[in-house]
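# Breakdown of the fold
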Amino acid sequence: MTANPLSNDKAPLRSRLLERRRALTPAERAAAAAALGERAGGLAAPDSTVAAYVSVGAEPGTGPLLEALRARRVRVLLPVLLPDNDLDWAEYRGVGGLAPASRGLLEPTGERLGPAAVCTAGLVLLPGLAVDRRGIRLGRGGGSYDRVLARLAAAGARPYLATLLYDPELLDEVPAEPHDLPVDAAVTPSGVTRFDR
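Rules and cut-offs
- Residues numbered from 1 in each chain as written.
- Predicted model: local features only at pLDDT ≥ 70, side-chain atom pairs only at ≥ 80, totals over all residues.
- Heavy atoms only, no water.
- Helix = DSSP H or I, 4+ residues; strand = E, 2+ residues; numbered from the N terminus.
- Rg over C-alpha atoms; globule rule 2.2 N^0.38 Å.
- Buried < 20%, exposed > 50% of the residue type's maximum accessible area, 1.4 Å probe, protein only.
- Contact = heavy atoms within 4.5 Å.
- Lys, Arg positive; Asp, Glu negative; His and termini not counted.
- Charge placed at Lys NZ, Arg CZ, Asp CG, Glu CD.
- Core = buried A, V, L, I, M, F, W, Y, C linked by side-chain atoms within 4.5 Å.
- Pairing = 2+ DSSP bridges.
- pLDDT = per-residue confidence, 0-100.
- Arc of directions from axis to C-beta.
- Salt bridge = Lys/Arg side-chain N within 4 Å of Asp/Glu carboxyl O.
- Axes fitted to C-alpha atoms, helices over the stretch in contact; angles between N-to-C directions.

In terms of helices and strands, the protein chain carries four helices and twelve strands. Here the protein chain has a C-alpha radius of gyration of 16 Å; the compact-globule value for 197 residues is 16 Å, and the two agree. Along the longest, intermediate and shortest principal axes, the C-alpha atoms of the protein chain span 45 × 40 × 30 Å. A total of 197 residues make up the protein chain; the buried ones form 49% of that total. Within the protein chain, contacts between residues at least 6 apart in sequence are counted, and of these 70% link residues at least 24 apart. Computing the positive centroid from 24 side-chain charges and the negative centroid from 23, the protein chain places the two 1 Å apart.

In C-alpha cells:
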C-alpha cells in the first residue's frame, strides 16, 4: 500500500485520484477491466444476486465483469439514479438493455425494483476512488452509495461489500467521517484485499 500523499481533506485527494485515472491509456483501462472481471466475478456464487454498476469514463471497467456474472447465472442489479441522488435498481439484461441517462451514466431500461431491492444482494460492488487499510472507501462525494450502505444497515442486511479500484488506489489512509462505513474488500486488477470489519 502507498501512503496517502494528501491532507485530511477529501477534495484534493479526489482531484489527484481522478487525474491519475484520466492519465491511463485505453489499453491500460481495458487490461484492468478484464482482470477485474475475473477477480470480482469470483466473489459471486452462481445463482446469487449481485448489486453492481456500469462504469463510466475512466472508472475501473465493469463491462467484462457484468458479462461474466450473467454467464454464471448471477442475477445482477444495476442502479438507476433518482433526482434526489438516491438509487433505484433494475436487473441487468445485457448491454442492449442499457440506455444513456443523466450525468453520462448508462442505466438499465427494465422494471424498477425500488431502492430497497439492493437488500436482496449477497454481494454489493461499490464504485470508489480509493480504499484504505481499514476498509474505508472514498467515493466521489455525491452520497448515493452512502445512502445504499445506510439502507443495508437499517434493514439488517449483511451483504459482502467490495469496491473496484485500480492498484494504486489502495492507500494507507483516506480521510473519514463518522458516517463512512467500511467495506469488506477492495478488488484491484492484482487481486482481492480483504479487511476485518
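From this point, things continue past the structure.
Turning next to the nonpolar core. Core analysis: the biggest nonpolar cluster contains 43 residues, and V50, V76, L78, W89, V124, L125 and L152 have the highest contact counts within it. Once residues lying within four places of it in the same chain are set aside, the contact partners of L152 are V118, C119, V124, A157, P159 and L161. In this structure, L13, L18, A130 and L138 belong to the second largest nonpolar core, which totals nine residues.

Next up on the list: the sheet that holds strand β8 (residues 137-138). Pairing is mixed across the open sheet formed by three strands, whose spatial order is β8-β7-β10. Across the chains shown, the open sheet's two edge strands, defined by having one partner strand only, are β8 and β10 (170-171). Two elements, strand β7 (residues 130-132) and β8, share two bridges in a ladder whose sense is antiparallel. From the neighbouring strand, A130 faces β8, where its bridge partner is L138.

Okay, unusual backbone geometry next. Phi is positive for N85, close to 75°, though the residue is something other than glycine. Tracing the backbone shows N85 in the loop between β2 (75-81) and β3 (87-91). Backbone geometry places R103, a non-glycine residue, at a positive phi of 60°. Note on placement: R103 falls in the loop between β4 (98-100) and β5 (106-108). You can call R103 exposed: its relative accessible area is 60%.

Looking at the protein chain, pLDDT values average 91 and 95% of them are 70 or higher. Here residues 1-7 is a poorly scored stretch, pLDDT under 50, and it has 19 contacts once near neighbours within four places are set aside; other chains count.

Turning to helix α3 (residues 63-71), its buried residues number three or more, namely L65, L66 and L69. Angular distribution of buried residues about the axis of α3 spans 100°; they occupy a single face of the element. As for α3, its buried residues are in contact with α2 (26-41), β1 (49-51), β2, β6 (123-126) and β9 (160-164). Positive phi appears at R73, one or two residues downstream of α3, with a value of about 65°.

Counted under the stated rule, the structure contains twelve salt bridges. Across the pair D180 and K10 runs a salt bridge whose closest N-O atoms are separated by 3.0 Å. Taken together, the residues span a long stretch of sequence, with D180 in the loop between β10 and β11 (185-188) and K10 in helix α1 (residues 10-22) at a distance of 170 residues. The same class applies to D180 as to K10, namely buried. The network of salt bridges with shared partners includes K10, E177 and D180.

Attention shifts here to the sheet that holds β3. A sheet is described by the order of its strands in space; here seven strands give the open sequence β3-β2-β1-β6-β9-β11-β12, paired in mixed fashion. The strands lining the two open edges of the sheet, one partner per strand, are β3 and β12 (191-194). Pairwise comparison of adjacent strand axes, ignoring direction, gives a mean angle of 25° for this sheet. Sheet topology note: the β11/β12 ladder contains four bridges and is antiparallel. By the bridge assignment, A185 is partnered in β12 with R194. Here α3 sits on the sheet and contacts β1, β2, β6 and β9; the angle it forms with β2, its principal contact strand, is near 140°.

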